[in-house]
Amino acid sequence: MSSRDKILNAVKAAQPDKQPLPDLSAIPLKFDDAVAKFIEVLSTIGATVKRLPKDRFQSELMDDIGEGKNVVNTISEFVLDFASPDKTVAPQTYDNLDYSIIPGQLGVAENGAIWVTDTEFQIRALPFICEHLILVISAETIVHNMHEAYDKIGIDNPGFGAFIAGPSKTADIEQSLVLGAHGPRFMTAYVLE
Amino acid sequence: MKLISCTRGERLKRTTMAAEHNNNALHNGTGLHSDLARKFNKDEDRVDWHDETLWWIRQKRDKITHGIPNWEALREAGSQIKHHTLSNLNEYLVQFEEQCQKNGVTVHWAADAQEHNEIVLSILKKHSVDKIVKSKSMLTEECHLNDYLQHNGVEVVDTDLGERIVQLAGEPPSHIVLPCIHWKKEEIGELFHQFMGTPKGNADPQFLTHAARLNLREKFLTRKIAMTGVNFAVAETGEMVVCTNEGNADMGAHLADVHIACMGMEKLIAKREHLGVFLRLLTRSATGQPITTYSSHFKKPREGQEMHVVIVDNGRSVQLGRESFRNSLKCIRCGACMNTCPVYRRSGGHSYHNAIAGPIGSILAPNLDMKKYADLPFASTLCGSCSNVCPVKIDIHDQLYKWRQEIVKNGYSPKTKTIAMKAMAFTLSSPTRYQIAGKAGRFVLKNMPFAVNNKFNPWYNEREMPAVPKESFTEWYKKNKGGK
Amino acid sequence: MKVGLFIPCYVDQFYPNVAIATLQLLEKHGCEVVFPLKQTCCGQPMANSGYEHLTGGCNENFIDNFDVPVDYIVCPSGSCLLHVKEHLHAETRHEAAKAIRGKLYELTEFLVDVLHVKNLKASFPHKVGVHQSCHGQRGLKISSMTELVAPYFSKPESLLNLVEGIELIELDRKDECCGFGGTFCVAEEAVSAKMGKDRIKDHLKHEAEFITGADMSCLMHLQGILKRQGSKVEVKHIAEILNAG
């Protein structure tokens, strides 16, 4: 018998009587102002958060990035003077990338996380390999909690998606928080209205 | 051991025996944890430092959970989802496999650690790869994968900073979430000086972390195969969720040509929406953060990449069949039970001599090898704090109690202890025997561990014996209340 | 109401004053107290060592003692009481065991939940630290627990607050285990003693003159360390304070 069948048989023989799934409706957490909460939480976990009108985003972003930087932009909505992701090159090529600009599908107020998928950023390494990650979301996509987030995301998302909450970090050395472990050392979220 | 009235010579002999028993950790299992814990306690300042660091994390956990008004309902939901999944595990495993295959992911099944290791090696060999990066996976620790691969000529680089530190030091992690929580920064500075050429004496966490970043970046860029663990596997979608703060799982998986994810089969959950519950519970319980920086959902390999998942049993189906212990399979490896455990904080992770330390390790390990880990369920005061912080409400301290019974029943308790316990039970079951067991019925005085009045009794190392009053309560009662 | 007094073996032998205070306290609050004389041990030391299967005799003896016409059975030790509550059974006397389990109360929960004690004629003008014993707290739930997100309450503290002149101190760690743990205290002597020393340090830091609690076993462990350290700080079982003056 294959290990697969051996394991499945053993599990079948051992598993307890069927138990129903719980009702999750009583659990959600709500805030008076989800956008404000989102900004508050994300700011406390190492990110810079900027809330601004959509029409000011482009100029503000250009000012923030400045001249002479190595940038990849994956937002199709804005025409920015930056390179688009190139899927024909190895992802290693993006080592030494200064900025990745990536659109978020939604933000979660309770934990400051932003949901991103490779439908938008195309090259999976992009949110992780850069020095400074820029995530851009619309304020109206901010939900209160993770239950609402998964309701919105559904189950048919593409090959890779992630919740990202702040810059890469570690506290493995004596619990001293250090930003910039293996991924971005900085993260800025633009919350557009 | 004779307990009923005896001559002075016999009494003396008995006292000596009692001392020996106490010295041999009579009242416990094999004594190994207690020996290692005693060693750890030789340096009291270090114990204080270890205790306070972990207590600080426990406090962060308290602070953030107390901000979630329905936290207890959330724990209950997490527990029930896991229970539901375990009660349908066979079906969900099949569903997960189907979904993975649909997603283009190759599924492997490993009955035990050996098979798991062989599967991993075979994938490496297929690609002629002898250098890999690996992000945190307690399963691979459980299977001793690193040793196995190294013996087969493969260089494994652990990329989680804490794991890298203990790997360089030639040690296993001492904590499932905080692998090098027992290391001081000065020692890490010295280690990095030795292995990465950082300046001697530099112990700044910022500096050292940056040095490790540069060192490991090169590995991420050049390794063709990356391994990761799995925090949650979703039957409905076939996706695997991996949570890190450092981004090391993503750096590995997205840059390598092949991604191998290894998971114990209890990592399964039924639906994607259940992630909402578990991602809310996991990091708040683990470190007091609202969520890890990255909660990555790996579903399909990227174009041109290969993705494998190895589903491992290694004793889990046996544990599933043990009614008293199956709840332990609900564990989501947050480490909260370790941070809160007053024994863990003061004995260190290595005193548990098992891949998974602390309270949860103590109820998982005996399932793998009851003899080898017979001491672990006794390394607890049964205070119950672990069960209270557990995000999926595993009855950890009750299971510790039940494992003690199981270990004794299966004959893994020292014979001397069994003899003493039998004699004790014989005397205590009869008020008559109890009353004549010693002068004035002072059985307790001679047999309770805190009362064996000689210098060999471990009680006496740092504690005085309680004073013996002139009369017992029973004697007082008979005199004053006219009882017979 | 008629109350059966369940006195743990080590309290009987080492701390008769605790048993006397318990008895007097119950009598002061109008209980008719009977003390069955043939009590030995609840069996917990064996059970917690993995030998629950040897405690049948202790169970039988416990039933012999307490299968008597009383309304309640009260014990000044959360740990022993919890053990009996969770593990008392006898094959041939199933009903008797069940009836007994239903009558069991730890002293402070009895005073609060059954007798609804609202005032005490007690005075104890000292700074007192309360040690929360785990089995009473997390097992019998006589107090809220810092791990859980739930409203604060403490039956022992609500009683102590009725004592004249008492000042309860705040601790840094409100409900950390003292490390006694039954046979753990010798089998894991190093950790056990360290846990006890750390608890004491917390009480001393906040200037306790007395350490009290609802479980004498924890207090005995702390007392052993205090005495070894030559400390002037004393332990007192809660019954002694509630019955003081």
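Residues numbered from 1 in each chain as written. Chains lettered and ligands numbered in written order. Predicted model: local features only at pLDDT ≥ 70, side-chain atom pairs only at ≥ 80, totals over all residues. Heavy atoms only, no water.

Engineer: Tell me about the nonpolar core, residues and numbers included.
Structural biologist: Nonpolar side chains in soluble globular proteins generally cluster together in the buried interior. Of all hydrophobic cores here, the largest spans 157 residues; its most connected members are Phe163(A) and Phe96(B). Broken down by element, the residue count for this core peaks at seven residues, all from helix α13 (residues 274-286) of chain B. With sequence-adjacent residues up to four places away left out, Phe96(B) is seen in contact with Ala233(B), Val234(B), Ala235(B), Gly238(B), Glu239(B), Met240(B), Met263(B), Leu268(B), Val309(B) and Ile311(B). Ranked by size, the runner-up nonpolar core spans 81 residues in total, among them Phe35(C), Cys80(C), Val84(C) and Phe210(C). (Core = buried A, V, L, I, M, F, W, Y, C linked by side-chain atoms within 4.5 Å. Buried < 20%, exposed > 50% of the residue type's maximum accessible area, 1.4 Å probe, protein only. Helix = DSSP H or I, 4+ residues; strand = E, 2+ residues; numbered from the N terminus. Contact = heavy atoms within 4.5 Å.)

Engineer: Got a sec to walk through the environment of Met138(B)? Specific residues and values, please.
Structural biologist: Residues and elements named next belong to chain B. Among the secondary structure elements, Met138 is positioned in helix α7 (residues 138-142). For the pair formed by Met138 and Ile176, sequence separation is 38 residues and the distance between their alpha carbons is 6.8 Å. When residues no more than four places from it in sequence are discounted, the contact partners of Met138 are Ile176, Ala355 and Ile356.

Engineer: Run through empty space enclosed by the protein, naming residues and quoting values.
Structural biologist: Under the criterion given, the structure shown has 10 cavities of 30 Å³ or more. Looking at the largest cavity, it is lined by 32 residues, and the ones nearest its centre are Gln44(C), Ser79(C), Phe180(C), Gly182(C) and Ser217(C). At the level of secondary structure, the elements contributing two or more residues to the lining of the largest cavity comprise α1 (9-14), α3 (44-51), α5 (78-87), α8 (134-139) and α12 (216-228) of chain C. Here the lining of the largest cavity gets four residues from one element, more than from any other, and that element is α3(C). For the lining of the largest cavity, the class distribution of residues is 17 nonpolar, 13 polar and two charged. In this model, the second largest cavity occupies a volume close to 180 Å³. As for the second largest cavity, its lining consists of 15 residues, and the residues nearest its centre are Glu142(B), Arg316(B), Arg333(B), Leu364(B) and Leu368(B). Breaking the lining of the second largest cavity down by element, the ones donating at least two residues are α14 (316-321) and α17 (358-368) of chain B. For the lining of the second largest cavity, the element with the highest residue contribution is α17(B), accounting for four residues. When the residues that make up the lining of the second largest cavity are grouped by side-chain class, the tally is six nonpolar, five polar and four charged. (1 Å grid on protein atoms, 1.4 Å probe; cavity = no way out; pocket = protein on both sides within 12 Å on 5 of 7 lines; lining within 4 Å. Points joined across faces, edges and corners; volume = space filled by probe spheres on them. Nonpolar A, V, L, I, M, F, W, Y, C, P; charged D, E, K, R; others polar.)

Engineer: Please set out helix α2 (residues 34-44) of chain A residue by residue, giving values where relevant.
Structural biologist: Since the α-helix packs 3.6 residues into each turn, any two residues three or four apart lie on the same face. Residues and elements named next belong to chain A. All of the buried residues along α2 are Ala34, Val35, Phe38, Ile39, Val41 and Leu42. Those residues of α2 that are buried lie in contact with β1 (48-52), β4 (106-108), β5 (113-117), β6 (132-138), β7 (142-143) and β11 (186-192). With a side-chain oxygen positioned 3.2 Å from the backbone nitrogen of Val35, the residue opening α2 is Asp33. Directly beyond the C-terminal end of α2, a positive phi value near 100 degrees is found at Gly46. (Polar contact = N/O pair within 3.5 Å; in protein donor to acceptor, adjacent residues only side chain to side chain.)

Engineer: Please set out the interface of chain B and chain C residue by residue, giving values where relevant.
Structural biologist: The interface of chain B with chain C comprises 90 residues on the first partner and 73 residues on the second. Both sides together, the interface formed by chain B and chain C hides about 7000 Å², and carbon and sulfur atoms give 61% of it. Where chain B touches chain C, the interface holds 13 salt bridges. The partner of Asp48(B) in a salt bridge is Lys201(C), and the shortest N-O contact between them spans 3.8 Å. At the junction of chain B and chain C, the tally comes to 39 residue pairs in polar contact (both at pLDDT 80 or more). A total of 10 residues in the side of chain B that touches chain C trace back to one element, the largest contributor, which is helix α3 (residues 44-65) of chain B. Grouping the amino acids of the side of chain B that touches chain C by side-chain chemistry returns 41 nonpolar, 26 polar and 23 charged. (Buried area = accessible area lost by both parts, 1.4 Å probe. Salt bridge = Lys/Arg side-chain N within 4 Å of Asp/Glu carboxyl O.)

Engineer: Run through the domain arrangement of chain B, naming residues and quoting values.
Structural biologist: All names here are of chain B. For chain B, the assigned domains are domain 1 (8-26 + 414-481), domain 2 (32-61 + 318-409) and domain 3 (68-314). Each of domain 2 and domain 3 has a C-alpha centre, and the two are 22 Å apart. Contact residues are listed per partner, giving 35 residues for domain 2 and 37 residues for domain 3. Buried area between domain 2 and domain 3, summed over both chains or domains, comes out near 3200 Å², and the portion from carbon and sulfur atoms is 60%. Among the residues of domain 2 in contact with domain 3, Ile332, Arg333 and His350 are the three that bury the most area, contributing 19% of the side total. (Domains from an automatic or database assignment.)

Engineer: If you had to explain the sheet that holds β7(A) to someone new, which residues and values would you point to?
Structural biologist: Strand order in this open sheet of eight strands is β7(A)-β4(A)-β5(A)-β8(A)-β9(B)-β6(B)-β5(B)-β8(B), and the pairing throughout is mixed. This sheet does not close on itself; its edge strands, each paired only once, are β7 of chain A together with β8 (268-269) of chain B. Set on the sheet, α13(B) makes contact with β8 (160-164) of chain A together with β5 (232-234), β6 (240-244), β8 and β9 (294-298) of chain B; between it and β5(B) the angle comes to about 175 degrees. (Pairing = 2+ DSSP bridges. Axes fitted to C-alpha atoms, helices over the stretch in contact; angles between N-to-C directions.)

Engineer: Can you lay out the interface of chain B and chain A for me, pointing to particular residues and giving the numbers?
Structural biologist: The partner chain A presents 69 residues to the 96 residues of chain B that form the contact. For the pair chain B and chain A, the two sides together bury roughly 7000 Å², of which 59% comes from carbon and sulfur. For Glu91(B), the salt bridge goes to Lys18(A), with nearest N and O atoms at 3.1 Å. Remark: the boundary between chain B and chain A carries 44 residue pairs in polar contact (both at pLDDT 80 or more). When residues in the side of chain B that touches chain A are grouped by element, the largest group, 10 residues, is from helix α11 (residues 205-222) of chain B. Looking at side-chain class alone, the side of chain B that touches chain A contains 42 nonpolar, 29 polar and 25 charged residues. For β8(A) and β9(B), the ladder comprises five bridges, and the chain directions are antiparallel. In the strand pairing of β9(B), Ala162(A) is matched with Ser296(B).

Engineer: Can you tell me about the side chain of His84(B), naming the residues and giving the values?
Structural biologist: The topology assignment puts His84(B) in helix α4 (residues 71-87). We classify His84(B) as buried; its relative accessible area is 9%. A polar atom in the side chain of His84(B) sits 2.6 Å from the backbone oxygen of Gln19(A). The residues contacting His84(B), other than those within four sequence positions of it, are Gln19(A), Pro20(A), Leu21(A), Tyr92(B) and Ala270(B).

Engineer: Go over the side chain of Ser3(A) with me, naming the residues and quoting the values.
Structural biologist: Note that Ser3(A) resides in helix α1 (residues 3-14). In this structure Ser3(A) comes out as buried when scored by relative accessible area, which is 12%. Setting aside residues up to four positions removed in sequence, Ser3(A) forms contacts with Trp109(B), Ala111(B) and Glu115(B).

Engineer: Describe unusual backbone geometry, and please don't skip the residues or the numbers.
Structural biologist: Residue and element names in this part refer to chain A. At Asn96, a residue that is not glycine, the phi angle is positive and equals roughly 75 degrees. Counting through the fold element by element, Asn96 comes out in the loop between β2 (71-73) and β3 (99-103). Not every positive phi belongs to a glycine, and Glu174 is a case in point at roughly 50 degrees. Position of Glu174 relative to the elements: it lies in the loop between β9 (169-170) and β10 (178-179). Looking at Glu174, the relative accessible area reads 23%, which means it is partly exposed.

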